Amino acid sequence: MIKDESPDQTSATQQFDESETVKTKRAATDGILSLISNFLESAGNVLLIQGPPGAGKTTLALELLQRVQATRMGSTMVPPARFYVPSRVPPNKLRKHFPWIHEMHDPFSKMTLPDSSMEGSAEIRVSEADDVFNKVLTLKRSRLRGLMVIDSWEGALRNTSEDGRRMIESAILSDPDDNRVGVVLVSEGGRVGDLPNLVDGIVTLSSSEMDGRRLRTIVINKLRGLRVKSDRALFSLDKGKFKLLPNTQFESDSSKRPHILSPVPHTESFFSTGSQDLDNMLKGGIRKGSSILIDVNNTVPTMGVRLLLRIINANFVNQGGFSCIVPFSTVSSENVAESLRPIVGETTFNERVRIMEYNHELPDEKWRVPLKGNPLDDFTLFGKIWKEVETDSSSIILSIDLDKLVQVYGDNLMLPSLANLGASIRDAGAVTLAVASEPNKIREAFLRTADYYLKIESINETMVIYGVKPFTNVYGVEFAFDPGYPSLKLTEIV
């Protein structure tokens, strides 16, 4: 039986009636998680998290607990009430899988804290799973702002009758406008009955495979009262934390002044890609004298691949290296120059960058190499340029759009001079980086000898990259422009 509120509780209630929840600014890339958190800050909302075993439901629930906002009561900040009620995972296993959780006393027991200084702590409190009905009512009547997670719903109902199930449902779903507590129910799809129709929000987590690699997806089925612009996203469970993969952004703040890219140093055996994350994915970077093929799915915006190539090429050039570029078929040499020049510097760009161009109407530039579209003439000219480059730099990268080669020279470009040039590039310790989006004979011939083979796709507005050779997990791609130049961060889906 639940006792009436004590005088202290009544006083606290009156104070809380005049209080406000303190909002914190969350990153725009945090979209779905911020939306769910805002939903749970509304009085009495109940969220159902559903999905198969291992999908990440507990990790998401704990992430939502951490995000509960403090309450301002006059000039005092009151930490939120965060209660986690596990009915399927004992506390010792919980701490093993989530070492960042500090188990505290059962907030509903008569035991007192050994250290009174812990009163009002904002840590997550782990409660025993017995008598969920009374615990929910007690927390609601306390008039505290907070969030309770019941993990799992099936476990809480394990030993209850049908009447008991209805009582617990009533305790959770009743008086939504009068209490200040949000409730999260975790379910694996067992004994839920009409619960999906009764709760205010539903989120579904799933785990699937893509070419033998794991993908994790979160989908918002409903959040009553909120407009959901993007209802799904990819996420990772690295180190016991729920990490949302943000939508990949490709545009920088035009008000920021460009700066010279700060390179990631090469090593004795490997060239760096300009991203430490990508180097780690490739197990050290790109081995000197090797070739790499990047297959690009047609779902990927061209700007995403261009940004990646811009970072890689600038990282070579800004360490005294040399870059030769055959641009995409939809991009002119002038466009490539305009994007690369600000992050390597005018002088360095003119001395250490060469960009191929088939449009004869463009003016002559030191960095521009006009080609005729005739295989014999063009490869003879390129061979001469390559010999000059070899004597000038020990770190060279050749970036080629294979689709452009097919467009200009046709699909049967199998000249001995081309094979000899490839051998010369490899012997010089240089890197050949080829990009392709369409199957063709040139791509197939290149793939047979490629040392690295990567694929890029776009899933739920997130650009992802993964390795076929070497085999890797799927990584979400995030570009940042804070330093005044593009940088690349990868999030591994585990």
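Numbering of residues starts from 1 in every chain and runs along the sequence as written. Local features are withheld for residues below a pLDDT of 70 in this predicted model, meaning they are given only at 70 or higher, and side-chain atom pairs are given and counted only at 80 or more; totals for whole chains, interfaces and linings count all residues. Only heavy atoms go into the side-chain values, all of them from the structure, while hydrogens and water stay out.

Visitor: How would you explain unusual backbone geometry if you had to name every residue and give the values?
Guide: Looking along the chain, the bond that leaves Asp-151 and enters Ser-152 is cis, with omega of 10 degrees. Residue Lys-469 is joined to Pro-470 through a cis peptide bond whose omega torsion reads 0 degrees. Within the secondary structure layout, Pro-470 lies in the loop between strand S22 (462-469) and strand S23 (475-480). The phi torsion at Asn-460 lies on the positive side, around 50 degrees, for a residue other than glycine. Within the secondary structure, Asn-460 is located in the loop between strand S21 (452-459) and S22. Residue classification places Asn-460 among the partly exposed positions, given a relative accessible area of 25%. Numbering of helices and strands starts at the N terminus; helices are DSSP runs of H or I of at least 4 residues and strands are runs of E of at least 2. For every residue, the accessible area obtained with a 1.4 Å probe (protein chains only) is divided by the maximum for its type, and the residue is called buried under 20%, exposed over 50%, and partly exposed between those limits.

Visitor: I'd like a description of the nonpolar core, backed by residues and values.
Guide: Proteins that are soluble and globular tend to have nonpolar side chains buried together. For our purposes a nonpolar core is just a set of buried Ala, Val, Leu, Ile, Met, Phe, Trp, Tyr and Cys residues, chained together by side-chain atoms within 4.5 Å. Grouped together as the largest cluster of nonpolar side chains are 49 residues, with contacts concentrated most on Ile-294, Ile-465 and Phe-479. The element best represented in this core is helix H10 (residues 302-317), accounting for 9 residues. Every residue pair with non-hydrogen atoms within 4.5 Å of one another is taken to be in contact. Every residue in contact with Ile-465, bar those within four places of it in the chain, is listed here: Leu-278, Met-281, Leu-454, Lys-455, Ile-456, Asn-473, Val-474, Tyr-475, Val-477 and Leu-490. Grouped together as the second largest cluster of nonpolar side chains are 30 residues, Leu-47, Tyr-84, Leu-147 and Val-149 included.

Visitor: Give a description of the packing of aromatic side chains that names residues and reports values.
Guide: Describing an aromatic ring pair means giving the distance of the ring centres and the angle of the ring planes. For Phe, Tyr and Trp, where Trp contributes only its six-membered ring, two rings pair if their centres lie within 6.5 Å, and the inter-plane angle classes them as stacked under 30 degrees, edge-to-face over 60, or tilted in between. According to the stated counting rule, one finds 7 aromatic pairs in the structure shown. Each ring, one from Tyr-358 and one from Tyr-409, has its centre 6.0 Å from the other, and the planes form 75 degrees; the classification is edge-to-face. With a gap of 51 residues between them, Tyr-358 in the loop between strand S17 (353-357) and strand S18 (368-370) and Tyr-409 in helix H14 (residues 402-409) connect regions that are remote in the sequence. Judged by its relative accessible area of 18%, Tyr-358 falls in the buried class. Relative accessible area serves as the criterion here: at 14%, Tyr-409 is assigned to the buried category. Aromatic ring contacts, followed pair by pair, group Tyr-358, Phe-379 and Tyr-409 into a single cluster.

Visitor: I'd love a proper account of the environment of Glu-63, names of residues and values included.
Guide: Within the secondary structure, Glu-63 is located in helix H3 (residues 57-66). When the C-alpha positions of Glu-63 and Lys-241 are compared, they lie 7.2 Å apart, and in sequence the two are 178 residues distant. In this view, Glu-63 contacts Leu-33, Lys-241 and Phe-242; residues no more than four positions away in its chain are not counted.

Fair warning: the whole summary comes from geometry, so function is off the table for now.
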